[in-house]
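Coordinate analysis (summary)
If you want the building blocks of each chain, they are given just below.
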Amino acid sequence: MQTTTVDVPTSDGVADAYLVRPDGDEPFPAVLVFMDAFGLRPRLAEMAERIASRGYLVLVPNLFYRAGRAPLIDLSALADPEQRGAIFGQLMPFIRALTPEVIRRDAGAYLDFLAARDDVAPGRVAITGYCMGGMNALRAIEAYPDRIAALASFHAGRVVTDAPDSPHLGVGSVTGELYFAHADRDQSMTAEQIATLEKALAAAGVTYRSEVYPGAHHGFTMADTAMYDEQATERHWAALFDLLDRTFRR
């Protein structure tokens with residue numbers, strides 16, 4: 001496969017992104033990956049390559065591109081649990097800048113970029129997101145139900161809030177299938193919030209699965225952090241590929 005860094009034009013500038021393309025001449029179904037808060041780095045490239053190895057073209061944009069190209073801060077201490085909070089604090093201004101309208105505009109640009117490529121199969125794409133990326137991926141499929149066929153969200157936080165624009169309130173627009181994997185030790189997505197999300201999905205008639213991964217912490221798929229859980233991560237791969245393969249009937 002081929003892993004490169006590409007520039008995606010948006011209405012607010014240019015987003016740097018990982019692009020992973022399988023070998024071969026045929027057009028491939030596309031998967032859009034929304035990063036966690038720590039951004040583009042080797043771990044996300046590895047994950048994109050694993051998805052691409054199944055025959056998908058994968059785009060992983062730097063959602064923080066307005067602040068600069070990745071990496072924006074030093075991530076060398078990411079595996080140290082005592083440093084994680086300080087690193088996260090540096091990223092908070094970038095996270096807060098990703099308003100629902102910003103995500104809608106940017107998601108449209110990423111979808112346009114994929115649609116314009118000859119090596120991308122026609123039709124809807126799939127999207128997966130991690131941590132904050134899971135929440136923002138939900139906003140993306142809500143904004144573009146005719147362009148995104150499925151969503152897989154892993155250890156996402158703040159999917160349910162008290163705000164009038166809480167992500168869970170927009171699920172009525174979704175026509176594709178959704179999968180949510182929750183960490184059971186995640187204060188940003190409590191059992192009560194999970195129940196609220198599931199109630200909203202059921203009321204809207206959305207096709208979905210929502211599962212809690214026992215013993216897992218927020219961020220459990222990220223092997224370069226102290227939150228990594230190998231067993232939960234392998235379960236995540238099985239669930240993701242099940243959804244993608246069914247979505248694209250591979």
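Check the entry above for the structure.
This write-up is about the structure you can find in this document. All values derive from a computational prediction rather than experimental measurement. (Residues numbered from 1 in each chain as written. Predicted model: local features only at pLDDT ≥ 70, side-chain atom pairs only at ≥ 80, totals over all residues. Heavy atoms only, no water.)

Turning our attention to the overall build of the protein. Of regular secondary structure, the protein possesses six helices and eight strands. In the protein, the succession of α and β elements from N to C terminus is β-β-β-α-β-α-α-β-α-β-β-α-β-α. Computed over its C-alpha atoms, the radius of gyration of the protein comes to 17 Å, within 12% of the 18 Å expected for a compact globule of 250 residues. The C-alpha extent of the protein, read off along each of the three principal axes, is 45 × 45 × 35 Å. Taken over 250 residues, the protein has a buried fraction of 54%. Intrachain contacts of the protein at a sequence separation of at least 6 include 73% that bridge at least 24 residues. Summing over all exposed atoms, the protein offers an accessible surface of approximately 10,700 Å²; the carbon and sulfur share of this is 50%. (Helix = DSSP H or I, 4+ residues; strand = E, 2+ residues; numbered from the N terminus. Rg over C-alpha atoms; globule rule 2.2 N^0.38 Å. Buried < 20%, exposed > 50% of the residue type's maximum accessible area, 1.4 Å probe, protein only. Contact = heavy atoms within 4.5 Å. Areas by Shrake-Rupley, 256 points an atom, 1.4 Å probe, with all protein chains shown as cover.)

A full pass over the atoms with the stated rule returns eight aromatic pairs. Judged by centre distance (5.8 Å) and plane angle (50°), the ring pair of Phe154 and Tyr179 falls under tilted. Of this pair, Phe154 sits in strand β6 (residues 148-154) while Tyr179 is found in strand β7 (residues 177-185), placing the two residues 25 residues apart along the sequence. Across the pair, exposure class does not vary: Phe154 and Tyr179 are buried alike. Connected via pairs of aromatic rings, a cluster forms that spans Tyr130, Phe154 and Tyr179. The cationic tip of Arg54 hangs over the ring face of Phe241; the distance from NZ or CZ to the ring centre is 4.3 Å. (Phe/Tyr/Trp six-rings, centres within 6.5 Å; stacked < 30°, edge-to-face > 60°. Lys NZ or Arg CZ within 6 Å of the ring centre and 35° of its normal.)

Below, the discussion takes up the packing of helix α1 (residues 42-52) against helix α6 (residues 230-247). Where α1 contacts α6, the axes come no closer than 11 Å and their chain directions differ by 45°. Judged on the interaxial angle alone, α6 and α1 are oblique. As α1 packs across α6, the resulting crossing turns out to be right-handed. Listed contacts from α6 to Arg43, Met47, Arg50 and Ile51 of α1 are Thr233, Glu234, His236, Trp237, Leu240, Phe241 and Leu244. Residues that form the contact of α1 with α6 fall into these classes: six nonpolar, two polar and three charged. (Axes fitted to C-alpha atoms, helices over the stretch in contact; angles between N-to-C directions. Parallel < 35°, antiparallel > 145°, perpendicular 65-115°, else oblique. Left-handed = near helix turned anticlockwise from the far one by under 90°. Nonpolar A, V, L, I, M, F, W, Y, C, P; charged D, E, K, R; others polar.)

Turning to the sheet that holds strand β2 (residues 13-21), a few remarks are in order. Strand order in this open sheet of eight strands is β1-β2-β4-β3-β5-β6-β7-β8, and the pairing throughout is mixed. Of all the strands in the sheet, the pair left with one neighbour each is β1 (2-10) and β8 (208-217). Taken over all neighbouring pairs, the strand axes of this sheet differ in orientation by 20° on average, direction set aside. With four bridges connecting them, strand β3 (residues 30-34) and strand β5 (residues 125-130) associate as parallel partners. Among the inter-strand pairings, Val31 is bridged to a residue of β5, identified as Ala126. Along the sheet, α6 makes contact with β3, β5, β6, β7 and β8, crossing β8 at roughly 165°. (Pairing = 2+ DSSP bridges.)

Contact geometry of helix α3 (residues 100-115) with helix α4 (residues 132-143) gives a least axis separation of 9 Å together with a crossing angle of 65°. On the basis of the axis angle, α3 is roughly perpendicular to α4. Along this stretch, α3 crosses α4, giving a crossing that reads as right-handed. Contacts between α3 and α4 involve Pro100, Ile103, Arg104 and Ala107 from the first element and Asn136, Arg139, Ala140 and Ala143 from the second.

Compared with an ideal rise of 1.5 Å per residue, which puts 16 residues at 22 Å, helix α2 (residues 81-96) spans 23 Å between its outermost C-alpha atoms and is within 8% of the ideal. The largest bend in α2 is about 40°, located at Gln90, with the proline Pro93 one to four residues further on. Taken together, the buried positions of α2 are occupied by Ile87, Leu91 and Ile95. Residues of α2 that are buried make contact with α4. The N-capping residue of α2, defined by a side-chain oxygen 2.9 Å from the backbone nitrogen of Glu82, is Asp80. (Expected span 1.5 Å × (residues − 1). Bend = angle between axes of the 7 residues up to and from the residue. Polar contact = N/O pair within 3.5 Å; in protein donor to acceptor, adjacent residues only side chain to side chain.)

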